Amino acid sequence: MQCLKLITLFLLLNSAQLLAQPFKKITVQDKAYGLVWNDEFNKDGTPNSENWNYEEGFVRNNELQWYQANNAKCLEGKLVITAKKVSIPNPNYNASSNSWRRNRKNIEYTSACLITRDKQEWPAFGYYEIRAKIDTSKGSWPAIWLLGDQGEWPDNGEIDIMEFYRVNNEPHILANAAWGTSRRYTPKWDSEKISLEHFIEKNKNWPNEFHTWSMQWDQEQMSIYLDDELLNKIELDKTLNADGSNPFTKSQDFYLLLNLAIGSNGGDPSNTKFPITYEIDYVRVYKALN
């Protein structure tokens, strides 16, 4: 009888400890993981300045949007990135410039790219989980991605936990990684492109719902999932730069980017009704406890 009481007390104490934890530990491939960083976006207003910087202006890929901090707000427990259609002068305009960033007279779209660089960064390996709802309108190009903080792109390594854009004008979900080659700024890609129709066939309301993207990352592979469906398994014995270094196993930290691009691979947005939004419920980063 005394033994039964002790067992019951032990179970009650452990249950109380589990309930007191903000998130349960995740066990992945027989390894225990603990939460090391998260943003739940529970405070309305400007995103937490301890976590996020912002890209500014025309940045990459000949995209149409001008990035600015004002297009990102926390509202009702979500980070909301809003892309807007506008017509305002490009402050960097130069009619004689050969740069697409400077020879556009006007800004036609604004959006936001939040980035944790120099604020929150993590060494290689771990478990990442992000719950989000994306806009699948033509022109929309949302992403969840990581970059290494040492060296030039792509030798520093890029991991795309999620991209949504159009391939041959058809909407796709992508799960990718990129690393360097012998040509500067020329990446080698391991990319999986899954038609949006694949997900809509299983759930006709898919574009209107939140979904969970996750990545398991250890010394051997990066496995990227969408709602527990494996999208891409990237073997790390193949992700070698031209000099033999491996950006996904070497001693560098990685930072996170959340952005909503417009145009370029996203397609022509001219007939899309704006504003459009990209909503993130939470971002959580876990590391192995042993």
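You'll find the structure just up there.
Residues numbered from 1 in each chain as written. Predicted model: local features only at pLDDT ≥ 70, side-chain atom pairs only at ≥ 80, totals over all residues. Heavy atoms only, no water.

Enquirer: I tried to follow the overall build of the protein on my own but got confused; where do I start?
Expert: Along the backbone of the protein there are 2 helices and 19 strands. Within the protein, buried positions represent 49% of all 290 residues. For the protein, the exposed surface amounts to about 14,800 Å²; the carbon and sulfur share of it is 47%. (Helix = DSSP H or I, 4+ residues; strand = E, 2+ residues; numbered from the N terminus. Buried < 20%, exposed > 50% of the residue type's maximum accessible area, 1.4 Å probe, protein only. Areas by Shrake-Rupley, 256 points an atom, 1.4 Å probe, with all protein chains shown as cover.)

Enquirer: Mind showing me how you'd approach the layout of surface pockets here?
Expert: Empty space among the atoms becomes apparent when a probe as large as a water molecule is rolled across them. By volume, the largest pocket is sized at about 380 Å³. Considering the residues around the largest pocket, the lining is formed by 20 residues, among which Asn61, Trp141, Glu158, Glu163 and Trp189 are closest to the centre. Those elements that place two or more of their residues in the lining of the largest pocket are strand E11 (140-148), strand E12 (158-167), strand E13 (170-180), strand E14 (187-195) and strand E18 (253-262). When the residues that make up the lining of the largest pocket are grouped by side-chain class, the tally is 9 nonpolar, 5 polar and 6 charged. Roughly 150 Å³ of internal volume is contained in the second largest pocket. Tyr33, Phe125, Gly126, Gln219 and Ala288 are the residues nearest the centre of the second largest pocket, which is lined by 10 residues in total. If you list the elements that add at least two residues to the lining of the second largest pocket, you get strand E2 (31-39) and strand E19 (276-288). Considered class by class, the residues forming the lining of the second largest pocket number 4 nonpolar, 3 polar and 3 charged. (1 Å grid on protein atoms, 1.4 Å probe; cavity = no way out; pocket = protein on both sides within 12 Å on 5 of 7 lines; lining within 4 Å. Points joined across faces, edges and corners; volume = space filled by probe spheres on them. Nonpolar A, V, L, I, M, F, W, Y, C, P; charged D, E, K, R; others polar.)

Enquirer: Any chance you could explain the pattern of salt bridges here in plain terms?
Expert: Side chains that differ in sign of charge can pair as their charged atoms come close. Applying the stated criterion across every chain yields a total of 6 salt bridges. Its salt-bridge partner being Glu55, residue Arg60 comes within 2.6 Å of it at the nearest N-O pair. Relative accessible area serves as the criterion here: at 12%, Glu55 is assigned to the buried category. Two residues, Arg184 and Glu152, come together in a salt bridge whose shortest N-O distance is 2.4 Å. With Arg184 in the loop between E13 and E14 and Glu152 in the loop between E11 and E12, the pair connects residues that are 32 residues apart, well separated along the chain. Overall, the relative accessible area of 56% leaves Arg184 in the exposed class. (Salt bridge = Lys/Arg side-chain N within 4 Å of Asp/Glu carboxyl O.)

Enquirer: Mind showing me how you'd approach the packing of aromatic side chains here?
Expert: Remark: the centre distance and the inter-plane angle together describe each pair of aromatic rings, the angle taken between the planes. Here the structure, examined in full by the defined rule, presents 16 aromatic pairs. Seen in terms of ring centroids, Trp37 and Trp122 are 5.2 Å apart; in terms of plane orientation they differ by 50°. Their pairing is tilted. Placement of Trp37 in strand E2 and of Trp122 in strand E9 (residues 122-123) is noted, with a sequence separation of 85 residues between them. Judged by its relative accessible area of 7%, Trp37 falls in the buried class. Taking the relative accessible area as the measure of exposure, Trp122 reaches 6% and is therefore buried. Taken together, a centroid distance of 6.4 Å and an interplanar angle of 90° make the contact between Trp206 and Trp213 edge-to-face. One aromatic cluster in this structure is built from Trp37, Phe41, Trp52, Trp122, Phe125, Tyr128, Trp179, Trp217, Phe248 and Phe254. The cationic tip of Arg104 hangs over the ring face of Phe58; the distance from NZ or CZ to the ring centre is 4.8 Å. The positively charged end of Arg284 is found above the aromatic ring belonging to Tyr282, 3.6 Å away from the centroid. (Phe/Tyr/Trp six-rings, centres within 6.5 Å; stacked < 30°, edge-to-face > 60°. Lys NZ or Arg CZ within 6 Å of the ring centre and 35° of its normal.)

Enquirer: It is not clear to me how the environment of Ile224 should be interpreted in this structure. Could you clarify?
Expert: With respect to the helices, strands and loops of the structure, Ile224 is situated in strand E16 (residues 221-226). Sequence-wise, Ile224 and Trp213 are 11 residues apart; in three dimensions their C-alpha atoms are separated by 7.4 Å. Not counting residues up to four positions away in its chain, the partners in contact with Ile224 are Ile159, Asp160, Ile161, Ala175, Asn176, Ser214, Met215, Glu229, Leu230, Leu231, Asn232 and Ile234. (Contact = heavy atoms within 4.5 Å.)

Enquirer: Would you mind showing me how to read the pairing of strand E15 (residues 211-217) here?
Expert: Each regular strand shows side chains that alternate between the opposite faces of the sheet. Here E15 lies mainly inside the structure; 6 of its 7 residues are buried. As judged from the 7 bridges shared by strand E10 (residues 126-133) and E15, these two strands associate in the antiparallel manner. Each residue of the ladder has a partner; that of Ala132, found in E15, is His211. Here E15 folds back onto E16 in antiparallel fashion, the turn holding 3 residues. (Pairing = 2+ DSSP bridges.)

Function-wise, these values are silent; they only describe arrangement.
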